[in-house]
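Structure assessment
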Amino acid sequence: MKKVILVLAALALLCLAPAALAKETISVYNWGDYIDEDVIGQFEEETGIDVIYETFETNEDMYAKIAMGGSSYDVIFPSDYMIERMVQENLLQKINWENIPNVENIDPRFTHESYDPDFEYSVPYTWGTMGILYNTENVDEMPTSWQTLMDPAYTMDMLMLNSPRDTLAIALVMCGHDLNSVDPADLADAKALLIEQKPMVLAYVVDEVKDKMIGGEASVALVWSGDATYCMSENEALDYVVPEEGSNIFYDSICIPANAKNVSGAEKFIDFLCRADIAAKNYEYVGYAIPNTAAIELLGAEEYNASPVNNPPQEVLDKCQVFKYLGDDTKLYDQIWTEIISEF
Ligand code: N2P
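**Thoughts on the nonpolar core**
Ranked by internal contacts, the top residues of the largest apolar core, which has 114 residues, are Ile76, Met86, Leu149, Met213, Phe269 and Leu273. Each of domain 1 (22-126 + 250-309) and domain 2 (128-247 + 316-342) accounts for three or more of the residues forming this core. Beyond its immediate stretch of four places on either side in the chain, Leu273 contacts Ile35, Val39, Phe77, Tyr125, Ile254, Ile278, Ala279 and Asn282.

Below, the structure written as structure tokens:
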């Protein structure tokens, strides 16, 4: 009898030991260059939770990976229109606000947006506009129109975003159409324009745009405002403008996928990112405008708001639109984009 008990006790220990030794982890999927790595380290130190961190370059890449279902993440960072899509497809779960007390630091101007009207699924992280980053040493006058990106003077001297929704939106605007258009005739115009532009494009890039513009490899680039802030801090010849025809304003948020394995770890991470000191530190590294009032106070609201990139004049904002999820018409965008890109 004693022997049996001993054997059972040994077996029980063997089963429990790995569980006791295994560290709690969360798996995070974010845009490239979108967090200060020290912030991850500090979270791991403070909570004892290990962060498995992976990056993506576009909403579409992130979506494809999650929708395929093979991978499971606890925290992801989609933009507005992609949140709308993922909610519709039951790929996100509602957030339990009781576990995110630091949400009180988020400016209510950034909650209850059209893509999450009841403020259930997404925690605002950053926001920004699309515009033209240009090198004042080679571009004499501030570009006021998107047509700058069609100017043969910048042949092989311009960079475009390797991101279907963003680049097609700007082409639609250049053709005088709405940037959320799903009219096949509008999209045909946009496609024709991008094909005409293609021989002038040095490269279609995402995160590489920063090093290339800082290093002077191109004179003009289609960029997101936060990347402009970063580039301008590294090379003072660079400047940023939102052309007068209007542009896209985006809201990038933090969400928990429906199939997350460690929801409580995800909540701790999200709450940590909303903490004023952490959001401020992260802003200093990432450069994108933040919706965190407490962090902006910590950074010095006057200095923060002095940046026209962080705080665009109302007349610029009035001309900016949020991307909507376009339902099945998204396929048309994807198809056109593949046709444009594959012609290289
Ligand atoms: C950061 C990407 C910013 C996302 N590298 C723009 N929505």
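**Concerning the pairing of strand E4 (residues 123-135)**
Of all 13 residues making up E4, 13 are buried, and the element is well covered by its neighbours. As judged from the six bridges shared by E4 and strand E9 (residues 247-254), these two strands associate in the antiparallel manner. The residue of E9 that forms the bridge with Thr126 is Asp252. Two elements, E4 and strand E7 (residues 220-224), share five bridges in a ladder whose sense is antiparallel. Counterpart to Ile132 in the pairing with E7 is Leu222. Alignment of E4 against strand E8 (residues 238-241), held across four bridges, turns out to be antiparallel. Residue pairing for E8: Asn135 is matched across the bridge by Leu238.

**Observations regarding the domain arrangement of the chain**
Taken domain by domain, the chain holds domain 1 (22-126 + 250-309) and domain 2 (128-247 + 316-342). Relative placement of domain 1 and domain 2: their C-alpha centres are 25 Å apart. Contacts between domain 1 and domain 2 engage 18 residues on the former and 22 residues on the latter. Taken as a group, Tyr81, Phe250 and Val309 account for 31% of the area that domain 1 buries against domain 2, more than any other trio of residues on that side. Our enumeration of links across domain 1 and domain 2 arrives at one salt bridge.

**Overview of the side chain of Asp116**
Mapped onto the fold, Asp116 is located in the loop between helix H4 (80-88) and E4. For the buried Asp116, which has no salt bridge, the nearest side chain bearing the opposite charge is Lys94, at an N-O separation of 8.8 Å. A distance of 2.8 Å separates polar atoms of two side chains, one belonging to Asp116 and the other to Ser122. Non-local contacts of Asp116, meaning those with residues more than four positions away in its chain, are made with Tyr121 and Ser122.

**Description of helix H3 (residues 59-68)**
Among all positions in H3, only Asn59, Glu60, Met62, Tyr63 and Ile66 are buried. The buried residues of H3 occupy an angular sector of 155 degrees when the element is viewed end-on, so they sit on one face. Packing partners of the buried residues in H3 comprise strand E1 (25-31), strand E2 (50-56), strand E3 (75-76), H4 and helix H5 (164-174). At the exit of H3 stands Gly69, carrying a positive phi of roughly 90 degrees.

**Details of the site of the ligand**
Looking at the ligand, the residues that line it are Trp31, Gly32, Tyr34, Ser79, Asp207, Trp224, Phe250, Asp252 and Tyr288. For the ligand, a nitrogen atom lies 2.9 Å from a polar atom in the side chain of Asp252. Compared with its free state, where it exposes 270 Å², the ligand has 98% of that area covered by protein. Its residues assigned to classes, the shell around the ligand comprises five nonpolar, two polar and two charged.

**Section: the pattern of salt bridges**
Applying the stated rule across the entire model yields 13 salt bridges. With a shortest N-O distance of 2.8 Å, Lys210 and Asp33 are connected by a salt bridge. With Lys210 in helix H7 (residues 208-214) and Asp33 in the loop between E1 and helix H2 (37-47), the pair connects residues that are 177 residues apart, well separated along the chain. The partner of Asp227 in a salt bridge is Lys210, and the shortest N-O contact between them spans 3.7 Å. Residue Asp227 is located in helix H8 (residues 225-234), and its partner Lys210 is located in helix H7; the two are separated by 17 residues in the primary sequence.

**Points about the packing of aromatic side chains**
Counted according to the given criterion, the structure contains 18 aromatic pairs. Taking the centre distance of 6.1 Å and the plane angle of 70 degrees together, the rings of Phe110 and Tyr251 count as edge-to-face. With Phe110 in the loop between H4 and E4 and Tyr251 in strand E9, the pair connects residues that are 141 residues apart, well separated along the chain. Residues Phe110 and Tyr251 agree in their burial class; the two are buried. Three or more aromatic residues link up through ring pairs in this structure, and these residues are Tyr29, Trp31, Tyr34, Phe56, Tyr73, Phe77, Tyr125, Trp224, Phe250 and Tyr288. Between the NZ or CZ atom of Arg85 and the centre of the ring of Tyr63, over which it lies, the distance is 3.9 Å.

Here is what the cut-offs are and how they apply
Residues numbered from 1 in each chain as written. Predicted model: local features only at pLDDT ≥ 70, side-chain atom pairs only at ≥ 80, totals over all residues. Heavy atoms only, no water. Core = buried A, V, L, I, M, F, W, Y, C linked by side-chain atoms within 4.5 Å. Buried < 20%, exposed > 50% of the residue type's maximum accessible area, 1.4 Å probe, protein only. Domains from an automatic or database assignment. Contact = heavy atoms within 4.5 Å. Helix = DSSP H or I, 4+ residues; strand = E, 2+ residues; numbered from the N terminus. Pairing = 2+ DSSP bridges. Buried area = accessible area lost by both parts, 1.4 Å probe. Salt bridge = Lys/Arg side-chain N within 4 Å of Asp/Glu carboxyl O. Lys, Arg positive; Asp, Glu negative; His and termini not counted. Polar contact = N/O pair within 3.5 Å; in protein donor to acceptor, adjacent residues only side chain to side chain. Arc of directions from axis to C-beta. Near = heavy atom within 4 Å. Areas by Shrake-Rupley, 256 points an atom, 1.4 Å probe, with all protein chains shown as cover. Nonpolar A, V, L, I, M, F, W, Y, C, P; charged D, E, K, R; others polar. Phe/Tyr/Trp six-rings, centres within 6.5 Å; stacked < 30°, edge-to-face > 60°. Lys NZ or Arg CZ within 6 Å of the ring centre and 35° of its normal.

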